[in-house]
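Examining the three-dimensional arrangement
Take a look at the letters that make up each chain.
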Amino acid sequence: MSSAPLPRRVAILGGSRIPFARSNTAYAELSNQDMLTAALQALVDKFNLHGERLGEVAAGAVLKHSRDIALTRESVLSTTLSHDTPAYDVQQACGTGLEAAILVANKIALGQIDVGIAGGVDTASDAPVAVNEGFRRALMRANRGKSTGQKLAALSKVRPGMLLKPELPRNAEARTGLSMGEHCELMAKRWEISRESQDELAVASHHNLAAAYDSGFLNDLVVPYKGLTRDNNLRPDSTLEKVAKLKPAYDRAGGTLTAANSTPLTDGASVVLLASEEWARAHDLPVLAYLRTGETAAVDFVDGDEGLLMAPVHAVPRMLEKLGLTLQDFDFYEIHEAFAAQVLCTLKAWEDPVYSRERLKLDVPLGSIDRTKLNIHGGSLAAGHPFAATGGRILATLAKMIDRNGGGRGLISICAAGGQGVVAVVEK
Amino acid sequence: MASQDQYLSFSSSGFGKWLTGTLGLPQPIPLVRYRPGKPELRGPVVVGAAPGSKIEDFLASALRAMGAVTLYHPDSADWRLAAGRHEVMTGRFVPEDSGRTGALLFDATAIADTEGLKALYAFFHDTIRSLATNGRIVVIGTAPEDADSIEAAAIQRGLEGFTRSLGKEVRRAVAVQLVWLKPGGEASLDSTLRFFLSGRSAYVSGQTVRVGVPVTGVVDRPDPARSQAGRTVLITGASRGIGLSIAETFARDGAQVVLLDIPPAASELAKHAERLGGAALALDITSPDAQDAIAADAAGRGGYDVVVHNAGITRDKTIAKMSASQWDSVLDVNFAAPLHITEKLLVAKAIRPNGRVVFVSSLSGIAGNLGQSNYALSKAALIGAVGKLAPLAATEGVTVNAVAPGFIETQMTAAIPFAIREAGRRMNSMSQGGLPVDVAETIAWFAHPGSGGINGAVVRVCGQSLLGA
Ligand SMILES: NC(=O)c1ccc[n+]([C@@H]2O[C@H](COP(=O)([O-])OP(=O)(O)OC[C@H]3O[C@@H](n4cnc5c(N)ncnc54)[C@H](O)[C@@H]3O)[C@@H](O)[C@H]2O)c1
């Protein structure tokens, strides 16, 4: 008989994140390494984990330099955690943070480790800029050259233009060439999501996040960094009138997505502490909530006609079925606001009988949710969205909400590039 | 009133700043004062503590109530855990990296020997450059008389020299204070921290105040914007100047105000009372029936919660040239009347529990002043009255304190000849005069329902004047 223990409940003990900053502002000069280390150290400080050897740290970044081969491990080595703590990088576009948490949680559930940290970081201010492809090939050829003559011959192929045309990372799908905003604009059109409903969601996001800061709810989740004490994308005084004035950002003529109802490029990092109940008890740390399960789905947005950001719509019913839950069995819904339209498409798809039958293979649609339970402490539209850091932000915030509520259940839904989506259930 | 100081406006203008800088003239920085609805803090509060402190939970709780964001000096890692217990936002302070900070708060209560002072040095050495203009510094120590050893008592007394020196070297409109904690005062630091860390104390610097067991026990925190709600406050000399500002400040904080001034000022008084939703009492405090009239007014209101003795006059002459009536009137108005009214009200139990008596003394009463032998005597006598009255009043649940204003921009000081006036304005760490509201805010702090642990104090509102220091 195998001695592997039965799956254990995975406790979420808390999180730490640095305030998120719009790209090229407060963190313009910082690297992923700097920010991940700051968030990690803050978590170590908060839970007094100095010198502790943890089971593992899993984190990642979407925009990553080639020098960051061991981003997470290097960050661990820069903190006061025991340097005997193993670490690895995860990368699943905007799903990175939540996927990392699911990975760590699964190991805890299986008894492979007792405690771990999951997280993510991203910077669009310090994005990896690749050298021009022709220049790169010439350099590689020169490197392979045996004689000086061969090396010089290879380098003679370098043209000044190559130096002036670096390749910037693009927020675009490799297979369609469309930016994510353009994809989401297509979704908004298909699902007939009005500009007003998107703007309303965006304004609510700002007001909710501002209230969360004002009440002190985020005090133990956010750590001051580089002069910031709040996310600098937050506009507490945002109004429908103000955001209604903005021009469409992706489709000038007939579009509804704007700079206000889409997330801006953002820099930031977040981490979450997960553990077995025994570990939590032994360390005298209260359990905020449990990470019950996670589910990842992908959709064919290239050849099929599914929207790029619709994967969570598929992931949630699969997960609910396994758990025997309905969409209405939740006290909180945390749907990542990559774009207001993405959230609204998701909700509409779950309500739509035809789509549910044909695409989700459901006889009865999941139905609607109580919108007063949606992103009640703000979402990515207000906080900003440093791709891999969003999962950790949401997970820690939701766990605290459930704890504050004296228990309850929350749903997390995060869409990601490549037609993927990561979702999870948190409860206590 | 600020516009009276044209040098301040000039020297903070672009050209004026250049010119005054080039000529080595004082460059006063406009003071940022408390405004309802505006953030009370200028930025994060950097917190540090000497090892062994037992008050960090009280500090964390007070800072949480203020909505403060904190940073902690790396040597004070215990703060991280205290902040966590009270849900105060906090992070490590990293020199040159944490951005501008709004205040520096150091807990020196546990320092008992020179070894312990190293933490004080390290904290300020590392953090002081981060402090923003108009920032605040507060050091909390243990009252020397309560220290456990001679060395500890001496060192705690030494903190006064330290904080006063900081006030003189940081300048940039930064105010620096020392709080001496007495046993049982920990739970009542709220109102004092809120005052010293905010723009309410813009013109108060270099002061030391003891906080002890509150006269009526620890009270619940009131709504900070309406801290005087439900309280009735008598202010003498309230038709103009500092007295009027005191009335406005108490009304702002939710108090029911009773404005008292001499009968010739009755119409002005009535106008202001109406504007502030309060009552007017036209009365000369030196008249024979004054004590009874005030006691009757108090009785009609179910007692006063706060009595502010602000009415005052000057009759300046050198002693040889001073007439007997100049001597007598100043002593009557400034000293005898306020003292006897207070005694009368206390005996009649017309000041309610958790009540306050505040005397408006003067820097002249501390430093003395040419031509003011009568005035300085009267104002110093008020300080003497505070000392004797405070323990007696405490048995009634009432505190007695005094403010000693330095140079405040009012009609009284506008009448001073230019050269003397200029010297009075600049000879302090803020290089400017204060405003009536600075005195008013200090009185409101004494009068705060949570300030019952401050009794028998004399606090100067003088921008850390060089006089009498
Ligand atoms: N202005 C300063 O720089 C300064 C400095 C130190 C102390 N002070 C003190 O502050 C207090 C207020 O000063 P101010 O500058 O506002 O002066 P002010 O002359 O403008 O106001 C004093 C008020 O007291 C009233 N008053 C005088 N005698 C009275 C009496 N017998 N009965 C009732 N009311 C009477 C006056 O009518 C006047 O309204 C005074 O006690 C003064 O000594 C002022």
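Here the structure is a predicted model, which means the values were calculated and not measured.

1. Thoughts on the sheet that holds strand E3 (residues 89–92) of chain B
All names here are of chain B. Read across the sheet, seven strands follow the order E3-E2-E1-E4-E5-E6-E7 without closing on themselves; strand pairing throughout is parallel. What marks the edges here is a single partner per strand, and that holds for E3 and strand E7 (207–211). Neighbour-to-neighbour, the strand axes of the sheet open up by a mean angle of 25 degrees, direction not taken into account. Here helix H7 (residues 190–197) sits on the sheet in contact with strand E4 (101–107), strand E5 (131–142), strand E6 (175–181) and E7, set at roughly 150 degrees to E5.

2. Remarks on the sheet that holds strand E9 (residues 256–261) of chain B
Residues and elements named next belong to chain B. Spatially, E10-E9-E8-E11-E12-E13-E14 is the arrangement adopted by the seven strands of the open sheet, whose pairing is parallel. Only two strands of the sheet have a single neighbouring strand rather than two, namely strand E10 (279–282) and strand E14 (458–461). Ignoring which end each strand starts from, the neighbouring axes of this sheet average 20 degrees apart. Pairing of strand E11 (residues 304–309) with strand E12 (residues 351–360), which is carried by five bridges, proceeds in the parallel orientation. In the strand pairing of E12, Tyr 304 is matched with Ile 351. The sheet contacts of helix H16 (residues 436–447) involve E11, E12, strand E13 (398–405) and E14, and relative to E13 the element is tilted by about 165 degrees.

3. Quick look at a nonpolar patch on the surface
Residues A:Leu139, A:Leu152 and A:Leu155 make up a contiguous nonpolar surface patch of roughly 260 Å² in combined accessible area. Here A:Leu155 is to be found in helix H5 (residues 148–155).

4. Observations regarding the packing of aromatic side chains
As enumerated under the stated definition, the model contains 12 aromatic pairs over all chains in all. When the centroid spacing of 5.0 Å and the interplanar angle of 75 degrees are considered together, the rings of A:Trp191 and A:Tyr355 count as edge-to-face. Taken together, the residues A:Trp191 in the loop between helix H7 (180–190) and helix H8 (195–214) and A:Tyr355 in helix H13 (residues 353–358) connect sequence positions 164 residues apart. Taken as a pair, A:Trp191 and A:Tyr355 share a single burial class, namely buried. Ring geometry for B:Trp445 against B:Phe446: centres 4.9 Å apart, planes inclined by 20 degrees, an arrangement best described as stacked. Residues B:Trp445 and B:Phe446 agree in their burial class; the two are buried.

5. Here's the deal with the interface of chain B and chain A
Of the residues lining the interface, 17 residues belong to chain B; the matching set on chain A comes to 20 residues. The contact between chain B and chain A buries some 1,400 Å² in all, and 50% of this surface belongs to carbon and sulfur atoms. Counting across the chain B and chain A interface gives three salt bridges. Across the contact surface, chain B and chain A share six residue pairs in polar contact (both at pLDDT 80 or more).

6. Quick notes on the pairing of E13(B)
All names here are of chain B. Counting buried positions along E13 gives eight out of eight residues, so the element sits mostly inside the fold. Burial along E13 is two-sided: the residues Val 398, Val 400, Ala 402 and Ala 404 and Thr 399, Asn 401, Val 403 and Pro 405 are all buried. Two strands pair when backbone bridges link them, and E12 and E13 are joined in this way by six bridges, in the parallel orientation. By the bridge assignment, Val 360 is partnered in E13 with Val 403. Direction of pairing for E13 relative to E14: parallel, over a ladder of four bridges. The partner of Val 403 across the bridge, within E14, is Val 459.

7. Quick notes on the environment of A:Ala87
All names here are of chain A. Mapped onto the fold, Ala 87 is located in strand E4 (residues 87–89). With 51 residues separating them along the chain, Ala 87 and Ala 138 place their C-alpha atoms 36 Å apart. Apart from the residues within four sequence positions on either side, Ala 87 is in contact with Val 57, Thr 72, Arg 73 and Val 76.

8. Some remarks on the UniProt feature "domain: Thiolase C-terminal" (unreviewed entry) in chain A
According to UniProt, the positions carrying the feature "domain: Thiolase C-terminal" (unreviewed entry) are residues 287–428 of chain A. With 35% helix and 21% strand, residues 287–428 of chain A has its two end C-alpha atoms placed 9 Å apart.

9. Concerning empty space enclosed by the protein
Residue and element names in this part refer to chain B. One pass over the full model with this rule turns up six cavities of 30 Å³ or more. Lining the largest cavity are Ser 191, Arg 194, Phe 195, Arg 200, Pro 224, Ser 227, Arg 252, Asp 253, Glu 441, Ala 444, Trp 445 and His 448. Residue assignment for the lining of the largest cavity shows that the elements contributing at least two residues are H7 and H16. Among the residues making up the lining of the largest cavity, the classes are represented as four nonpolar, three polar and five charged. Taken domain by domain, the makeup of the lining of the largest cavity includes at least three residues from each of domain 2 (31–211) and domain 3 (224–461).

10. Re the side chain of B:Asp297
All names here are of chain B. Looking at where Asp 297 falls in the secondary structure, it is placed in helix H10 (residues 290–300). At 2.5 Å, the side chain of Asp 297 forms a polar contact with the side chain of Tyr 304. Ignoring any residue separated from it by four or fewer positions in sequence, one finds Asp 297 in contact with Val 258, Leu 281 and Tyr 304.

11. Some remarks on the site of the ligand
Residues and elements named next belong to chain B. The ligand sits among 27 residues. The nearest are Arg 240, Asp 261, Asp 284, Asn 310 and Tyr 375. Here an oxygen atom of the ligand and a side-chain polar atom of Ser 239 are 3.3 Å apart. Within the backbone of Ile 285, one N or O atom sits 3.1 Å away from a nitrogen atom of the ligand. For the ligand, the protein covers 94% of the area, taking 820 Å² as the surface of the free molecule. Elements that contribute at least two residues to the shell around the ligand include exactly helix H8 (241–252), E9, helix H13 (373–394) and helix H14 (411–414). When grouped by side-chain class, the residues that make up the shell around the ligand number 13 nonpolar, 10 polar and four charged.

12. What about the domain arrangement of chain B?
All names here are of chain B. Here chain B is partitioned into domain 1 (1–26), domain 2 (31–211) and domain 3 (224–461). Placing the centre of domain 2 and that of domain 3 at their C-alpha centroids yields a distance of 30 Å. If you look at the interface, domain 2 gives 25 residues, while domain 3 gives 27 residues. Between domain 2 and domain 3, a total of about 2,100 Å² is buried, with carbon and sulfur atoms accounting for 57% of that surface. Viewed at the interface, domain 3 and domain 2 are joined by one salt bridge.

13. Considering the pattern of salt bridges
This structure, assessed with the given rule, holds 43 salt bridges over all chains. Notably, a salt bridge pairs B:Glu160 with B:Arg157, separated by 3.1 Å at the nearest N-O pair. Of this pair, B:Glu160 and B:Arg157 both sit in helix H6 (residues 150–170), three residues apart, which is roughly one turn of the helix. Relative accessible area serves as the criterion here: at 10%, B:Glu160 is assigned to the buried category. On the basis of relative accessibility, which here comes to 46%, the residue B:Arg157 falls in the partly exposed class. What emerges from the salt-bridge pattern is a single network uniting A:Arg190, A:Asp305, A:Glu306 and A:Arg359.

14. Remarks on the nonpolar core
Side chains of a nonpolar character, in soluble globular proteins, are inclined to be buried together. Ranked by size, the top nonpolar core spans 67 residues in total, and within it B:Ile140 and B:Phe250 carry the most contacts. Among the elements that line this core, the one with the most residues is H16(B), at seven residues. With sequence-adjacent residues up to four places away left out, B:Ile140 is seen in contact with B:Ile55, B:Leu59, B:Leu105, B:Phe106, B:Asp107, B:Ala108, B:Thr109, B:Val179, B:Leu181, B:Leu189 and B:Leu193. Judged by nonpolar contacts, the second largest core, of 47 residues, contains A:Ile12, A:Val90, A:Leu98 and A:Ile108.

15. Looking at the packing of helix H3 (residues 56–65) of chain B against helix H4 (residues 78–85) of chain B
All names here are of chain B. Running from amino to carboxyl end, H3 crosses H4 at an angle of 50 degrees, the nearest separation of the two axes being 9 Å. As judged from the angle between their axes, H3 and H4 are oblique. Of the two elements, H3 crosses H4, and the hand of that crossing is right-handed. Facing Glu 56, Asp 57, Leu 59, Ala 60 and Leu 63 of H3, the residues of H4 in contact are Asp 78, Trp 79, Ala 82, Ala 83 and Arg 85. Within the contact of H3 with H4, the residues separate by chemical class into six nonpolar, no polar and four charged.

16. Concerning the packing of H7(B) against H16(B)
Residues and elements named next belong to chain B. At their nearest, the axes of H7 and H16 sit 9 Å apart, and the two run at 165 degrees to each other. Here H7 is positioned roughly antiparallel relative to H16, judged by the angle of their axes. The handedness of the crossing between H7 and H16 comes out as right-handed. Across the interface between the two elements, Ser 191, Thr 192, Phe 195 and Phe 196 of H7 pack against Glu 441, Thr 442 and Trp 445 of H16.

How each quantity is defined
Counting restarts for each chain: residues are numbered from 1 in the order of the written sequence. For this description, chains carry letters from A and ligands carry numbers from 1, given in the order in which they are written. In keeping with the model being predicted, local features are shown solely for residues with a pLDDT of at least 70 and side-chain atom pairs are shown and tallied solely at 80 or more, while totals for entire chains, interfaces and linings include all residues. The side-chain quantities take in all heavy atoms of the structure and omit both hydrogens and water. DSSP-based pairing: two strands are paired if at least 2 bridges between them are found. A run of H or I in DSSP becomes a helix once it reaches four residues, and a run of E becomes a strand once it reaches two; helices and strands are each numbered from the N terminus. Under this scheme, a helix contributes an axis fitted over its contacting stretch, all axes are lines through C-alpha atoms, and angles between N-to-C directions fall in the 0 to 180 degree range. Here, residues are in contact when the closest pair of their heavy atoms is within 4.5 Å. Patch membership is restricted to residues that have no salt bridge and whose relative accessible area is over 30%. Joining uses 9 Å for like charges and 5 Å for the nonpolar side chains Val, Leu, Ile, Met, Phe, Trp and Tyr. Reported accessibility uses the Shrake-Rupley method at a 1.4 Å probe radius. Residues are deemed covered only where the shown protein chains occlude them. Note on definitions: salt bridges are taken to be side-chain nitrogens of Lys or Arg within 4 Å of carboxyl oxygens of Asp or Glu. In summary, the pairing rule links any two rings of Phe, Tyr or Trp, Trp by its six-membered ring, whose centres are within 6.5 Å, and it sorts them by plane angle into stacked for under 30 degrees, edge-to-face for over 60 and tilted for everything else. Accessibility here uses a 1.4 Å probe with only protein chains present; expressed as a share of the type maximum, an area under 20% marks a residue as buried, one over 50% as exposed, and anything in between as partly exposed. Buried area, as used here, totals the accessible surface that two parts lose on assembly, with accessibility defined by a 1.4 Å probe and the loss added over both. What qualifies as a polar contact is a pair of N or O atoms within 3.5 Å, subject to a donor-acceptor requirement within protein and to the restriction that residues adjacent in sequence count only when both atoms come from side chains. UniProt positions are given in the numbering used here, feature names are shortened, and annotations may be inferred rather than shown by experiment. For each structure, a 1 Å grid was placed over the protein atoms alone; sets of points admitting a 1.4 Å probe that cannot get out are labelled cavities, open sets with protein on both sides within 12 Å along at least five of seven lines are labelled pockets, and lining residues have an atom within 4 Å of a point. Grid points are joined across faces, edges and corners, and a volume is the space filled by probe spheres set on the points. Gly is put with the polar residues, along with every residue not named as nonpolar or charged; the nonpolar set is Ala, Val, Leu, Ile, Met, Phe, Trp, Tyr, Cys and Pro, and the charged set is Asp, Glu, Lys and Arg. The split into domains, and so the bounds of each, comes from an automatic or database assignment of domains. Whether a residue is near a molecule or strand is decided by its heavy atoms; if any one of them lies within 4 Å of it, the residue is near. The set of buried Ala, Val, Leu, Ile, Met, Phe, Trp, Tyr and Cys residues whose side-chain atoms join them within 4.5 Å is what this entry labels a nonpolar core. Should an angle fall under 35 degrees it is taken as roughly parallel, and over 145 as roughly antiparallel, whereas 65 to 115 is taken as roughly perpendicular and any remaining angle as oblique. It is the rotation of the near helix from the far one that decides the hand of a crossing: anticlockwise by less than a right angle makes it left-handed, clockwise makes it right-handed.

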